[in-house]
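Secondary and tertiary structure notes
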Amino acid sequence: MNLQVAMLLGQSGITSGAVYALLALAILLVFSVTRILLIPQGEFVSFAALTMAAMQEGRPVRLGWLLGALCLAAVAMDLIASVRARRRPAVSRPTLWLCAWAAAATALSMLLPLAALGHAVQALVTIALIVPLGPLLYRVCFQPVAAAHALVLLVISIAAHVALVGIALFIFGPEGARTEPFSDAVFTVGPALIQSQTLWVVAVSALLVGLLYVGFERHLYGKALRATAVDRLGAELVGISPDLAGRVSLAVAAFIGALSGVLIAPIITIYFDSGFIISLKGFVGALIGGLASYPLAALGALVVGQAESFATFWASAYKEVIVFTLLIPVLLWRSLARTGVEDEE
Amino acid sequence: MTTPLLLEVRGLSVAYGQVEAVSDVSIAVGAGEIVTVIGRNGAGKTTLLSAIMGILPSRGAVRFAGEAVAPFAIGERVGRGLCLVPEHRALFGSMTVADNLALGAFRHGADERRASQDEMFALFPRLAERRSQLAATLSGGERQMLALARALMGRPRLLMLDEPSLGLAPLIVRDVFRIVAELRERGVAILLVEQNARAALAVADRAYVLELGRVALEGPAAELARDPRVAASYLGIGGRHRDGPPDALNPTPRMSYTASEPPGAGPTATPRPGEDKRP
């Protein structure tokens, strides 16, 4: 390996590491607020990438069917819940908003000549389509059992993932897809060639991390999410509804997933089931951070990106093995040191 | 009672599996009144408050401000002015004092939030000094103040306090009860659950004695404080009558836990396991 190869591998590692870092943050956020290990996080990524690819190829975007079905389910569950609570049958306002959003995004995806419009519009419509998936998924799958044991939530999470993979095969078909890069420009810095897509990924990831930081430190809703993660009962006692916290955190997770999908779609070929392995790497990053610390999770994800990239060069056949083997020393060290990991049950 | 009823609990029962921790309890709190529920460890005091707040499922009727609260989730009860400060305080430890307070007014607008915060800093000057400190680094007494202030940020009409003196040094206990008395002047009704019966009876208008999940005695606090049964069991006076009500500013709680706390990590950090939580 010479310097140039090392630079290339490092660059590719940083690119995927940045995406894994975003996913690690989303997984950690959802877990700390709701105790759900969000296995379907990867589906947000693959759905976004495949939706954007369909737009560019001029194929119809069929995600609206899934959104419509989830909206119907959410409305039905709201009605049933209100009857069970012996109130007038009613649909909650957040559900109505979600349905309106989903309908608007679906209408946009059907009416706009997306293939002819630029990357920015395609990316925006894609994200607008994916974001309501998060809160809808929460309303339909998790909200009725929000107080259940974390293991129950994990089982439901796995079931949701399996279902979504099947739905993805139905909606997008078995072919892989890759989108066009945002720009083809290549910069030369010293001995290294830097692709502009890498810069895009790193810049957008950094921006998003900054936005999340500001949101959680300054905005009342961000603080409310943090508060729910710190003390769930305390948060309820000041009037923060756990349902609201769950929906908001899933919306943020879906947004992060959609953005990650849009960012990596030009770099790797995405299939209907690619999301899982991608989010699993984010999860490894989050675990390296002990499922407790955001900066450590992001750092862990960057390490995963580098390990994967160099493993591809040295032992391509074993690259996944090498990445997931990273977990063993980390888990050993964590269980010996017994710090960081929050174990409430 | 001349004041209109703010909280009305009728025939409330809470069961943990086969065991009834609270059975057929009826209590009432009028507007602007301080009512205390005293009783031993495990008498069902915390369970009673949890059921009123909606944390635990229960049978019976709970009406707040004339409205049955059964259909409402915890957050909606908070929105209607029913607030609880739980025994373990439930503060957001890794967040600052100011953030804890801001979240206390989560359901209010930004202007109202700022106004309430200034009010709280005036009421608790110590919190103003510590506004950018993390809640977890506060002393036990400061934490109790913060828990009170955070609940008051939501502008409650009825504040339920679960053992506010638990684990606090006697001097700080005195402060807490002084503030409880002050809150009545502000028109906040208070339902106070205490093991420190002497101090609770001194500050309250009316009192209930809870024994094994049932109301054993009830009446005006001053009368209960003179009742020989209460004196023997809860005030640690061996059957002797006392003349006049106990002195609020100088509580000498023998029944309650008054170990002085180490700064920072007082015994307040963890709820005592087992109390009122028996299966």
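The name an unreviewed UniProt entry gives chain B is ABC transporter ATP-binding protein, with Chelatococcus reniformis as the organism. As its UniProt record puts it under Sequence similarities (unreviewed entry), chain B is described as follows: "Belongs to the ABC transporter superfamily."

The name that an unreviewed UniProt entry assigns to chain A is Branched-chain amino acid ABC transporter permease, with the source organism given as Chelatococcus reniformis. Within the UniProt record for chain A, the comment given under Sequence similarities (unreviewed entry) is "Belongs to the binding-protein-dependent transport system permease family. LivHM subfamily." What the UniProt record of chain A gives under Subcellular location (unreviewed entry) is the line "Cell membrane".

Observations regarding unusual backbone geometry
Of note, A:R35 is a non-glycine position whose phi angle comes to about 65°, a positive value. Relative to the assigned elements, A:R35 resides in the loop between α1 (3-34) and α2 (41-56). Overall, A:R35 belongs to the buried group, its relative accessible area being 7%. With a phi close to 50°, B:A65 is a non-glycine residue in the positive phi region. Tracing the sequence through the fold places B:A65 in the loop between β4 (59-64) and β5 (67-68). Residue classification places B:A65 among the partly exposed residues on the basis of a relative accessible area of 36%.

Things to note about the interface of chain A and chain B
On the chain B side, the residues contacting the 19 residues of chain A number 25 residues. Of all residues in chain A, A:L220, A:L237 and A:V238 bury the most surface against chain B, accounting for 34% of the area lost on that side. Here chain A is connected to chain B by one salt bridge. One salt bridge in this structure joins A:K223 and B:D99, with 2.8 Å as the shortest N-O distance. Applying the counting rule to chain A against chain B returns two residue pairs in polar contact (both at pLDDT 80 or more). When contributions to the side of chain A that touches chain B are tallied by element, the ones reaching two or more residues are α9 (220-230) and α10 (232-237) of chain A. Looking at the side of chain A that touches chain B, the element that brings in the most residues is α9(A), giving seven residues. In terms of residue class, the side of chain A that touches chain B is made up of twelve nonpolar, two polar and five charged.

Some words on the environment of B:R63
Residue and element names in this part refer to chain B. Mapped onto the elements of the fold, R63 is located in strand β4. Accessibility expressed as a relative area gives 36% for R63, which makes it partly exposed. Along the sequence, R63 and V9 sit 54 residues apart, while their C-alpha atoms lie 6.4 Å from each other. Not counting the four nearest positions on each side in its chain, R63 is found in contact with L6, L7, E8 and A68. There is a polar contact of 2.7 Å between the side chain of R63 and the backbone oxygen of G66.

About the criteria used
- Residues numbered from 1 in each chain as written.
- Chains lettered and ligands numbered in written order.
- Predicted model: local features only at pLDDT ≥ 70, side-chain atom pairs only at ≥ 80, totals over all residues.
- Heavy atoms only, no water.
- UniProt positions renumbered as here; feature names shortened; annotations may be inferred.
- Helix = DSSP H or I, 4+ residues; strand = E, 2+ residues; numbered from the N terminus.
- Buried < 20%, exposed > 50% of the residue type's maximum accessible area, 1.4 Å probe, protein only.
- Contact = heavy atoms within 4.5 Å.
- Buried area = accessible area lost by both parts, 1.4 Å probe.
- Salt bridge = Lys/Arg side-chain N within 4 Å of Asp/Glu carboxyl O.
- Polar contact = N/O pair within 3.5 Å; in protein donor to acceptor, adjacent residues only side chain to side chain.
- Nonpolar A, V, L, I, M, F, W, Y, C, P; charged D, E, K, R; others polar.

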